[in-house]
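Structural description and commentary
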Amino acid sequence: MASIRPPACARVPRWSIQHLSRWLPRDYNSLGDIDMSDQLVIAGRAFNSRLIVGTGKYRSFQEMARAHAASGADMVTVAVRRVNLTDKSKESLLDYIDREKFFILPNTAACYTADEAIRTARLAREVGLSNWVKLEVIGDQQTLFPDTEQLIEATRVLVKEGFIVLPYTNDDLIAARKLIDAGASAVMPLAAPIGSGLGIQNPANLRILRERITEVPMIVDAGVGTASDAAVAMELGADGVLMNTAIAEAADAVLMAEAMRDAVVAGRKAFNAGRMPKRLYASASSPLAGVVR
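Counting restarts for each chain: residues are numbered from 1 in the order of the written sequence. Totals for whole chains, interfaces and linings use all residues, but because this is a predicted model, local features are given only for residues with pLDDT of at least 70 and pairs of side-chain atoms are given and counted only at 80 or more. Note that water and hydrogens are dropped before the side-chain values are worked out from all heavy atoms of the structure.

Moving on, we come to the pairing of strand S5 (residues 103–107). Among the five residues in S5, five count as buried, and that is most of the element. Relative accessibility under 20% of the residue-type maximum defines a buried residue, over 50% an exposed one, and the middle range a partly exposed one, all with a 1.4 Å probe and only protein chains included. Only DSSP runs of H or I with at least four residues qualify as helices, and only runs of E with at least two residues qualify as strands; both kinds are numbered from the N terminus onward. Alternating residues of S5 divide into Phe103, Leu105 and Asn107 and Ile104 and Pro106, and every residue in both groups is buried.

Quick look at the structure:
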């Protein structure tokens, strides 16, 4: 029986990989999984996935663990002030994160001053979570927009203490430059208010950040609502996307995690490929040269 070439979009079963390996597109590895050789590198550490996921708002820890696995992410962020770090007799979300598979990124959610954020980061390091921190210093309770002045100060202090700091910030070039000058290892501009699901509200700002911020990764953080938002963020040139609510509050969190995984990969490929120019008028798909008349 003659061999039939599967379509490029087909999901290749693992049992048939050795028979079909010569047909796998170059973006897949020998197991039929996405090959993320185009790695995200932060402070010298490489991550295969450009998607970072959170741990809040899930209906259960079990659902969270399934969504994490489906997302393909390598990094999971944990709110230090909202997790049980000391009482080993009580259940903790940390019990559902496999430290062999996921790098834990502590965050300082719910901190409203530089001092609060600094103490929270120190606590995370002292209990053995990490010397990395997703730094949040909130300036307004309703919008959860960052307090830029306090954020820069906390970044400066923590970097001097040996932390790898990834600050959550506005989509503001000047703030981003000051954070980099303070020693930030990445900048994480918001797409929209945290948990809003509004998607990217200021694509022009993200494009400017992408063009002007080249020495550290730019990771879009907050506001993503669905897979198309993640794809657009990556198409605009983001080095990665961090999200939580969009997955956790989806009707099917595991399926949405899969969608986000695929969207981040697709958006990155589109950015690397380079989109066609936009035109006001039509341009025939078939050239006129050689047309039979």
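Among the structural elements, Arg50 can be located in the loop between strand S2 (45–47) and strand S3 (51–53). In this structure Arg50 comes out as buried when scored by relative accessible area, which is 3%. At 3.1 Å, the side chain of Arg50 forms a polar contact with the side chain of Asp38. Here a polar contact means two N or O atoms within 3.5 Å. Within protein one must be a hydrogen donor candidate and the other an acceptor candidate, and residues neighboring in sequence count only if both atoms are side-chain atoms.

As a further point, take the side chain of Thr120. Among the structural elements, Thr120 can be located in helix H3 (residues 114–126). Looking at Thr120, the relative accessible area reads 6%, which means it is buried. For Thr120, the side chain forms a polar contact with the main-chain oxygen of Glu116, separated by 2.8 Å. When sequence neighbours within four positions are dropped, the list of residues in contact with Thr120 reads Val80, Arg81, Asn107, Thr108 and Cys111. Contacts were defined at the residue level, with two residues in contact if any of their heavy atoms lie within 4.5 Å.

The next point concerns unusual backbone geometry. Phi at Ala110 is positive, roughly 75°, even though this residue is not glycine. With respect to the element layout, Ala110 can be found in the loop between S5 and H3. Positive phi outside glycine occurs at Ala222, with the angle close to 90°. For Ala222, the location among the structural elements is in the loop between strand S9 (219–221) and helix H7 (227–235). For Ala222, a relative accessible area of 9% corresponds to the buried category.

In this section: the packing of aromatic side chains. Paired rings are identified among Phe, Tyr and Trp, the last through its six-membered ring, by centres lying within 6.5 Å, and are further divided according to the angle between planes into stacked (under 30 degrees), edge-to-face (over 60) and tilted (the rest). Overall, the coordinates contain four aromatic pairs when judged by the stated rule. Judged by centre distance (6.0 Å) and plane angle (80°), the rings of Phe47 and Trp132 are edge-to-face. With Phe47 in strand S2 and Trp132 in strand S6 (residues 132–135), this residue pair connects regions lying 85 residues apart in the sequence. Residue Phe47 is classed as buried on the basis of its relative accessible area, which comes to 3%. Exposure remark for Trp132: the relative accessible area of 7% places this residue in the buried category. Taken together through their ring pairs, the aromatic side chains of Phe47, Phe103 and Trp132 make up a single cluster.

This part is about the environment of Ala184. Mapped onto the elements, Ala184 comes out in the loop between helix H5 (173–181) and strand S8 (188–189). Judged by its relative accessible area of 5%, Ala184 falls in the buried class. When the C-alpha atoms of Ala184 and Val159 are compared, they prove to be 7.3 Å apart, with 25 residues separating the residues in sequence. Sequence-distant contacts of Ala184, defined by excluding residues within four places in its chain, comprise Thr155, Val159, Val165, Pro167, Leu179 and Val216.

Whenever a carboxyl oxygen of Asp or Glu lies within 4 Å of a side-chain nitrogen of Lys or Arg, that contact is scored as a salt bridge. For the structure on display, the rule yields eleven salt bridges. One salt bridge in this structure joins Glu161 and Arg122, with 2.5 Å as the shortest N-O distance. Placement of the pair is Glu161 in the loop between helix H4 (148–160) and strand S7 (164–169) and Arg122 in helix H3, with a sequence separation of 39 residues. You can call Glu161 partly exposed: its relative accessible area is 28%. For Lys134, the salt bridge goes to Asp221, with nearest N and O atoms at 3.1 Å. With Lys134 in strand S6 and Asp221 in strand S9, this residue pair connects regions lying 87 residues apart in the sequence. Each member of the pair, Lys134 as well as Asp221, is classed as buried. The network of salt bridges with shared partners includes Asp38, Arg50 and Arg268.

Before going further, it helps to spend a moment on the nonpolar core. The biggest cluster of nonpolar side chains holds 67 residues, and the ones touching the most others in it are Ile97, Leu158, Ile213, Met243, Ile247 and Met260. Among the elements that make up this core, the one with the highest residue count is helix H9 (residues 253–273) (six residues). When neighbours within four sequence positions are excluded, Ile97 is seen to be in contact with Thr55, Met64, Val76, Val78, Phe102 and Ile104. By size, the runner-up hydrophobic cluster in this structure holds 14 residues, among which are Ile52, Met75, Phe103 and Ile164. Definition used in this section: a nonpolar core is a set of buried Ala, Val, Leu, Ile, Met, Phe, Trp, Tyr and Cys residues joined via side-chain atoms within 4.5 Å.

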